[in-house]
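Analysis of the macromolecular model
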Amino acid sequence: MQTRRALLKTSAGLTLAVGAIAALPSAVLARAPIVGRQAAGYYRLKLGDCEITALSDGTVALPMAKIYEGIEEKDAETYLAGYFQKNPTETSVNAFLVNTGDRLVLIDAGTGDLMGPSLGKLVTNIEAAGYKTGEIDDVILTHIHADHSGGLSRNGKRVFENAVLHVNEREAKFWLKADAAAKADAGLGPQIVQAEAAVGSYIAAEKFKTFADDAAPVPGFTSVLRKGHTPGHSAIAVESKGEKIVFWGDIAHGDVLQYDRPEITVEFDVDQKQAAATRAIAFAEAADEKYLVAGAHHAFPGIGHVRRDETNYDWVPLLYSANY
Ligand SMILES: [Zn+2]
């Protein structure tokens, strides 16, 4: 049983202790300021002899429930909410750098300054990852949409000053040799102007090459025509020591809805029907062959596998590894 004297002693001690804490320097209380910005956006993995660096151009909140076609907006919103995804939906824009040991190849080039300050971070993240833009030998585009080509040029100058730019030939024809009617189209016209501005400086400098359907754009890199989203949209693949990764471009927008319902398209698909058919083929092949997939609009770093489940497919993100 505690005596009154002991109790007094204890409470005196307690008072002293509280006083001592209050007198300590504020650093101990850890009132650190809120940082308010994300860490550098790059992530590395090994693929055989290649080193691959996923690079974030940033994220943008897009009204995906509205952008999806073939589903009511309300239904898409409910579906996404089931995966804790809000409307608008935080959407990644990713690019990928492949170091084969012989060359440094960038796949897609982000938005540049075309889509606001939450994006356009590609060069910052290339530098954070330890590279300079001038070290990149080749840039391969999956397609010419502004979120893949916008970062190629700044104020009419090439951002990747030593790189050769590679684009599928029918993609180049569609965007860069468009006729007056296409240029006058309210939807396509502004995209054609953006495409010309992004790619033009590489053409002027004779740093622009096209590749045929399913041809190898650069030694060590193959392509597969995956048309629909755009006419020359191509997946780019790299293999090393029996491992394979396919850079998908815009085969899927988001990580969930189109995996359960591959027939759902997006309003930016140039050919909706073809885009859905292409997605079905790309999903089936990735699930069968079990190769790694890198998506431009899957949550950063956007690398994972496709598996079949009772509702068509699932996107399975790669496990983070500190020892790659
Ligand atoms: Zn895109």
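Residues numbered from 1 in each chain as written. Predicted model: local features only at pLDDT ≥ 70, side-chain atom pairs only at ≥ 80, totals over all residues. Heavy atoms only, no water.

Under the annotation held in an unreviewed UniProt entry, the protein carries the name MBL fold metallo-hydrolase and is attributed to Aliirhizobium smilacinae. Taken directly from UniProt, the Sequence similarities (unreviewed entry) text for the protein runs: "Belongs to the metallo-beta-lactamase superfamily." (UniProt positions renumbered as here; feature names shortened; annotations may be inferred.)

In terms of helices and strands, the protein carries 10 helices and 17 strands. What you see for the protein is a C-alpha radius of gyration of 25 Å, clearly larger than the 20 Å of a compact globule of 324 residues, by over 25%. When its C-alpha atoms are laid out on the principal axes, the protein stretches across 95 × 45 × 45 Å. The contacts of the protein with a sequence gap of at least 6 include a subset with a gap of at least 24, amounting to 68%. Charge separation in the protein, taken as the distance between the mean sites of 32 positive and 41 negative side-chain charges, equals 9 Å. (Helix = DSSP H or I, 4+ residues; strand = E, 2+ residues; numbered from the N terminus. Rg over C-alpha atoms; globule rule 2.2 N^0.38 Å. Contact = heavy atoms within 4.5 Å. Lys, Arg positive; Asp, Glu negative; His and termini not counted. Charge placed at Lys NZ, Arg CZ, Asp CG, Glu CD.)

All right, on to the packing of aromatic side chains then. As enumerated under the stated definition, the model contains eight aromatic pairs in all. Ring geometry for F96 against F247: centres 5.4 Å apart, planes inclined by 45°, an arrangement best described as tilted. Here F96 is found in strand 4 (residues 89-99), whereas its partner F247 is found in strand 13 (residues 243-249), with 151 residues between them in sequence. Both residues of the pair, F96 and F247, belong to the buried class. Centre to centre, the rings of Y259 and W315 are 6.1 Å apart; their planes meet at 45°, and the pair counts as tilted. Placement of Y259 in helix 9 (residues 257-260) and of W315 in strand 17 (residues 312-317) is noted, with a sequence separation of 56 residues between them. Judged on exposure class, the residue Y259 and its partner W315 are both buried. Connected via pairs of aromatic rings, a cluster forms that spans W248, Y259, F283, Y313 and W315. (Phe/Tyr/Trp six-rings, centres within 6.5 Å; stacked < 30°, edge-to-face > 60°. Buried < 20%, exposed > 50% of the residue type's maximum accessible area, 1.4 Å probe, protein only.)

Coordination of the zinc ion by the protein involves D147 (OD), H148 (NE2), D250 (OD) and H297 (NE2), with metal-donor separations of 2.0 to 2.2 Å. Going along the chain, you hit the donors of the zinc ion in the pattern D-H-x101-D-x46-H. Taken as a pair, D147 in helix 5 (residues 146-149) and H297 in the loop between strand 15 (292-295) and strand 16 (303-309) lie far apart in primary sequence, 150 residues in all. Like H297, D147 is buried. (Donors = N, O, S within 2.8 Å, 3.2 Å for Na, K, Ca; no water.)

Time to look at the sheet that holds strand 12 (residues 234-240). Spatial strand order, 11-12-13-15-16-17: six strands in an open sheet with mixed pairing. The open sheet has two free edges, formed respectively by strand 11 (221-225) and strand 17, since each of these has just one partner strand. Averaged over neighbouring strand pairs, the angle between their axes works out to 35° when direction is ignored. Alignment of strand 12 against strand 13, held across five bridges, turns out to be antiparallel. (Pairing = 2+ DSSP bridges. Axes fitted to C-alpha atoms, helices over the stretch in contact; angles between N-to-C directions.)

So, about the pattern of salt bridges. A complete count under the given rule lists 10 salt bridges for this structure. Linking R103 and D138 is a salt bridge whose minimum nitrogen-to-oxygen distance equals 3.0 Å. One end of the pair, R103, is in the loop between strand 4 and strand 5 (104-107); the other, D138, is in strand 6 (residues 138-140), and 35 residues separate them in sequence. Judged by relative accessible area, which is 3%, D138 ranks as buried. (Salt bridge = Lys/Arg side-chain N within 4 Å of Asp/Glu carboxyl O.)

Here we have seven strands laid out as an open sheet, ordered 1-2-4-5-6-9-10, and mixed in their pairing. Only two strands of the sheet have a single partner each, and these edge strands are strand 1 (42-47) and strand 10 (208-211). Ignoring which end each strand starts from, the neighbouring axes of this sheet average 25° apart. Sheet topology places strand 2 (residues 50-62) next to strand 4; 11 bridges connect them, and they run antiparallel. When the sheet's bridge partners are listed, V60 is paired in strand 4 with T91.

On to a negative patch on the surface, then. Taken together, the side chains of E72, E73, D75 and E77 define an acidic patch exposed on the protein surface. Its location among the elements puts E72 in the loop between strand 3 (68-69) and helix 3 (73-81). Residue classification places E72 among the exposed residues on the basis of a relative accessible area of 58%. (Patch = residues over 30% accessible without salt bridge, like charges linked within 9 Å, V, L, I, M, F, W, Y side chains within 5 Å. Areas by Shrake-Rupley, 256 points an atom, 1.4 Å probe, with all protein chains shown as cover.)

Here we take up the UniProt feature "domain: Metallo-beta-lactamase" (unreviewed entry) in the protein. The feature "domain: Metallo-beta-lactamase" (unreviewed entry), as annotated in UniProt, sits at residues 92-297 in this numbering. As annotated, residues 92-297 has a helix share of 31% and a strand share of 26%, and its two end C-alpha atoms lie 5 Å apart.

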